[in-house]
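Descriptive structure summary
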Amino acid sequence: MIRTENLCKSYGHHSQYEVRAIHDINVNIAKNCFVVFRGPSGSGKTTLLNIIGTLDRPTAGKVFLYDKEITSFSDIAFARLRREKIGFIFQNFHLIPRLTSWENVAYPLIPLGISLKERFERAQFFLEKMGLGDRLSHTPEELSGGQQQRVAIARAMINDPEIIIADEPTSNIDEETSAHILQYFEELKIRGVTILVATHSAIFEKIADTVYKMKNGRIE
Amino acid sequence: MHKHLNLLFLATENLLRHRTKTVVVCLCIIAILTPFITAIAISEGIRSQSLNSVNAGADLYLTSDEFGRNAAISLKYLDEIKKIFGVTKIVPRIVGRGFLQNKLTVIVGIHKEDIPEPVTCISGRVFENTNEVIVGHELAKYFHLNIGDQFSMRCQQRKVFTVVGIFSADSGIWGASMIFMPFNDAGDLFGKENVATDIQIYSLPGHNSEIATDLYDIFQNEAYRLQDKQMIELYVKKGFMLKEGVFSALYIVAIALGVPAILVTSGFGLSERKKEVGIMKATGWQTLEVLELISFEQLLISLLGATIAIVLAILWVRGFRGAFIAQFFIAEITMLPNFALPARFLPLPCFISFFFAFLLTMVGSIYSSWRASTVSPVVSLQS
Ligand SMILES: Nc1ncnc2c1ncn2[C@@H]1O[C@H](COP(=O)(O)OP(=O)(O)O)[C@@H](O)[C@H]1O
Ligand SMILES: [Mg+2]
């Protein structure tokens, strides 16, 4: 389903300070797979996931999605892919401040022309699933880290994506919520979602189908 | 359609959410637009009033010509002019200026039967005898003049007048500080005999050119000037363009100071929202949708700012009688003109103001928002 071919990304290209964040990454991820990229910080996990998730473009190499080469797609096509197929979960949640939980979760639905009522109902559904039925009208500032991450997961799920990309989803939160998230990911896998997780800890390994060990921008 | 409505609602919410910025931008817009709208409204009002009075007035204006300017005209041909075919009425007038104590007033010497129609006595009667005058109501109020009071005035001669009537005129400003007196008294006051500052000629429609030919025969070698309604109208319009020009020049200075403020404030805060844009892009928003949202925000804020500016301009004109601005358009008025200003709020200037505000806020925000929404989401997310 997702395949990369000699994927490279350098920062400060052509300068003496060039940093090769990743090089020659070749992965092949089947549909409905649970893949973990494990490595120390600075090993290129975020860079790789961002490129696979169309948030960034590689310096060289190709990404294939359903056997289609997407690296050459336009920004517009990228945005459409993100809207229709991909849900993101970030290490530091990336919620919009001063918006309530449900508004944050329903934010991606606004440009789809979905009515306020339906947006609320869908956000409520996913937030209840994440155990936040009583925090619908709280803003991120009023929530703990673990709660914020669960809001972010609800947001990632709102468009019913085929792929979930989670970049260190449990690094900034407590163990109890981590366990909850783990359990939820298993549930998603049962429902056919393909999941890519970057992490530096071992907690996802027991449910992972594939673990890629990363070091210095390479897969070992 | 739903999509655009959603974006419009979200734009409204965003303005409320970023309240401080909204208020600051709004204040800038208001500060720039209010004087502009006020000035245009006053100028338009006075212009239309002047044109109305020109329209209601005589068909031809006869003066003599000295150095290419209008000059007083002798009355010796009065009877001959009256006899020209097509002339229905002639009105010799003396229009001059003189100080009544410290206040400059317009003095009109005119025969009793020629007093223009819009001038009506609100108390007392029209003058009958020599040295009787009627004064405009504002002037009467200013000097606490009542019927029967006497005052003296000095121009070329000192004369003592008795107030027999107080009048108001439809065209507010022009009548407000005028004094009407018998033609001969005005002649005495200014020390001129047998001349008028102009002779107004009322004519049958379509006879103006024949009248002009006859006048040419009458005046022979004497330099005279004949001006028709259209020319007077043109003068009025030109005069206003000049005054508007003076105002614009001053105003441009103000704008030069205010515009950067709008540009900065409407762009400011967008960098703070860069991360928000990054989140939007990461969750599937298209660049165009982000830009549409931001444009809606600028549209709404301009609409809000312009509306408040228009309301304030109306208050300025009605409540504060155009203080500080009216004097650009009306000579010799004090800061707070004490009469109703003839202001006209036309839709076009209001629309232009709104458009101007929109343009400014868009210019201020479009670059930063375009930047924020076109760079790859990773970059905006990192900020
Ligand atoms: N915007 C950037 N500019 C320059 N170097 C970067 C940038 N982002 C990441 N890097 C570098 O790329 C390497 C990989 O980073 P990253 O993908 O964030 O690793 P990880 O997520 O595994 O911690 C690091 O050495 C980091 O310093
Ligand atoms: Mg990382």
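Residues numbered from 1 in each chain as written. Chains lettered and ligands numbered in written order. Predicted model: local features only at pLDDT ≥ 70, side-chain atom pairs only at ≥ 80, totals over all residues. Heavy atoms only, no water.

To continue, consider the overall build of chain B. Looking only at helices and strands, chain B features twelve helices and 13 strands. The C-alpha atoms of chain B give a radius of gyration of 30 Å, which is well past the 21 Å a tight globule of 383 residues would have. Along the three orthogonal principal directions, the C-alpha set of chain B runs to about 90 × 50 × 35 Å. Burial analysis of chain B (383 residues in total) assigns 51% to the buried set. When contacts within chain B are restricted to residue pairs at least 6 apart in sequence, long-range pairs at least 24 apart make up 79% of them. If you sum the accessible surface of chain B, you get close to 18,900 Å²; carbon and sulfur atoms cover 62% of it. Counting 33 positive and 32 negative side-chain charges, chain B places the centres of these two groups 11 Å from one another. (Helix = DSSP H or I, 4+ residues; strand = E, 2+ residues; numbered from the N terminus. Rg over C-alpha atoms; globule rule 2.2 N^0.38 Å. Buried < 20%, exposed > 50% of the residue type's maximum accessible area, 1.4 Å probe, protein only. Contact = heavy atoms within 4.5 Å. Areas by Shrake-Rupley, 256 points an atom, 1.4 Å probe, with all protein chains shown as cover. Lys, Arg positive; Asp, Glu negative; His and termini not counted. Charge placed at Lys NZ, Arg CZ, Asp CG, Glu CD.)

Residues and elements named next belong to chain A. Near ligand 1 the following residues occur: Tyr-11, Val-19, Ala-21, Pro-40, Ser-41, Gly-42, Ser-43, Gly-44, Lys-45, Thr-46 and Thr-47. At 3.1 Å, a backbone N or O of Gly-44 approaches an oxygen atom of ligand 1. At a separation of 2.5 Å, an oxygen atom of ligand 1 approaches a polar side-chain atom of Thr-46. Relative to its unbound accessible area of 550 Å², ligand 1 is 64% covered by the protein chains. Elements with a minimum of two residues in the shell around ligand 1: strand 2 (19-25) and helix 1 (45-52). Sort the elements by how many residues they give to the shell around ligand 1 and helix 1 lands first, with three residues. A breakdown of the residues in the shell around ligand 1 according to their chemical character gives four nonpolar, six polar and one charged. (Near = heavy atom within 4 Å. Polar contact = N/O pair within 3.5 Å; in protein donor to acceptor, adjacent residues only side chain to side chain. Nonpolar A, V, L, I, M, F, W, Y, C, P; charged D, E, K, R; others polar.)

As annotated by UniProt and renumbered to match this structure, "domain: ABC transporter" (unreviewed entry) occupies residues 2-220 of chain A. The span residues 2-220 of chain A shows a helical share of 31% and a strand share of 25%, and its end C-alpha atoms are spaced 19 Å apart. (UniProt positions renumbered as here; feature names shortened; annotations may be inferred.)

Domains assigned within chain B are domain 1 (2-52 + 236-382) and domain 2 (59-228). Computed from C-alpha coordinates alone, the two centres of domain 1 of chain B and domain 2 of chain B are separated by 46 Å. (Domains from an automatic or database assignment.)

Time to look at unusual backbone geometry. All names here are of chain A. Despite not being glycine, Asp-160 shows a phi value in the positive range, around 55°. By secondary structure assignment, the location of Asp-160 is in the loop between helix 5 (145-157) and strand 8 (163-167). One non-glycine residue, Glu-168, adopts positive backbone phi at about 45°. Of note, Glu-168 is situated in the loop between strand 8 and helix 6 (175-190).

Turning to helix 6 (residues 183-190) of chain B, a few remarks are in order. With six of eight residues buried, helix 6 of chain B lies mostly within the body of the structure. Considered for burial, the residues of helix 6 of chain B that qualify are B:Phe183, B:Asp185, B:Ala186, B:Gly187, B:Leu189 and B:Phe190.

Turning our attention to the UniProt feature "transmembrane region" (unreviewed entry) in chain B. Residue and element names in this part refer to chain B. UniProt records the feature "transmembrane region" (unreviewed entry) at residues 20-42, 160-183, 249-270, 290-317 and 348-370, using the numbering of this structure. End C-alpha to end C-alpha, residues 20-42 measures 33 Å, and it is 100% helix and 0% strand. A helix fraction of 100% and a strand fraction of 0% characterise residues 290-317, whose end C-alpha atoms lie 40 Å from each other.

Listed per partner, the contact involves 27 residues of chain A and 26 residues of chain B. Between chain A and chain B lies a buried interface of about 2,300 Å² when both sides are counted; carbon and sulfur atoms form 56% of it. When residues of chain A are sorted by the area they lose upon contact with chain B, A:His94, A:Tyr107 and A:Pro111 head the list and together hold 24% of the total. Here chain A and chain B share one salt bridge between them. Among the salt bridges present, the one from A:Arg83 reaches B:Glu289, with a minimum N-O distance of 2.6 Å. By residue number, the principal contributor to the side of chain A that touches chain B is helix 2 (residues 75-85) of chain A, which donates six residues. When its residues are assigned to classes, the side of chain A that touches chain B shows 14 nonpolar, four polar and nine charged. (Buried area = accessible area lost by both parts, 1.4 Å probe. Salt bridge = Lys/Arg side-chain N within 4 Å of Asp/Glu carboxyl O.)

This paragraph deals with the nonpolar core. Counting 48 residues, the largest nonpolar core has A:Phe37, A:Leu196 and B:Trp285 as its most contacted members. Judged by nonpolar contacts, the second largest core, of 39 residues, contains B:Cys28, B:Ile29, B:Phe247 and B:Ala309. (Core = buried A, V, L, I, M, F, W, Y, C linked by side-chain atoms within 4.5 Å.)

On to the environment of A:Tyr212. With respect to the helices and strands, the residue A:Tyr212 is situated in strand 10 (residues 210-215). A sequence separation of 176 residues divides A:Tyr212 from A:Val36, and the C-alpha atoms of the two residues are 6.1 Å apart.

Residue and element names in this part refer to chain A. Taken in spatial order, the six strands of this open sheet run 7-8-9-4-10-11, and their pairing is mixed. This sheet does not close on itself; its edge strands, each paired only once, are strand 7 (86-89) and strand 11 (218-219). Together, strand 7 and strand 8 form the strand contacts of helix 5, whose direction differs from that of strand 7 by roughly 170°. (Pairing = 2+ DSSP bridges. Axes fitted to C-alpha atoms, helices over the stretch in contact; angles between N-to-C directions.)

On to the packing of aromatic side chains. Evaluation of the coordinates by the stated rule reveals 15 aromatic pairs over all chains. Seen from their ring centres, B:Phe354 and B:Phe358 are 6.4 Å apart, and the 10° between their planes marks the pair as stacked. With B:Phe354 and B:Phe358 both in helix 11 (residues 347-374) and four residues apart, the pair spans about one turn of that helix. Comparing B:Phe354 with B:Phe358 shows no difference in burial state: the two are buried. Aromatic rings pair up to connect A:Phe34, A:Phe185 and A:Phe204 into one cluster. In this structure, A:Arg3 is placed above the aromatic ring of A:Phe64, and the distance from its NZ or CZ to the ring centre is 4.2 Å. One cation-aromatic arrangement involves B:Lys89 over B:Tyr202; the distance from NZ or CZ to the ring centre is 4.9 Å. (Phe/Tyr/Trp six-rings, centres within 6.5 Å; stacked < 30°, edge-to-face > 60°. Lys NZ or Arg CZ within 6 Å of the ring centre and 35° of its normal.)

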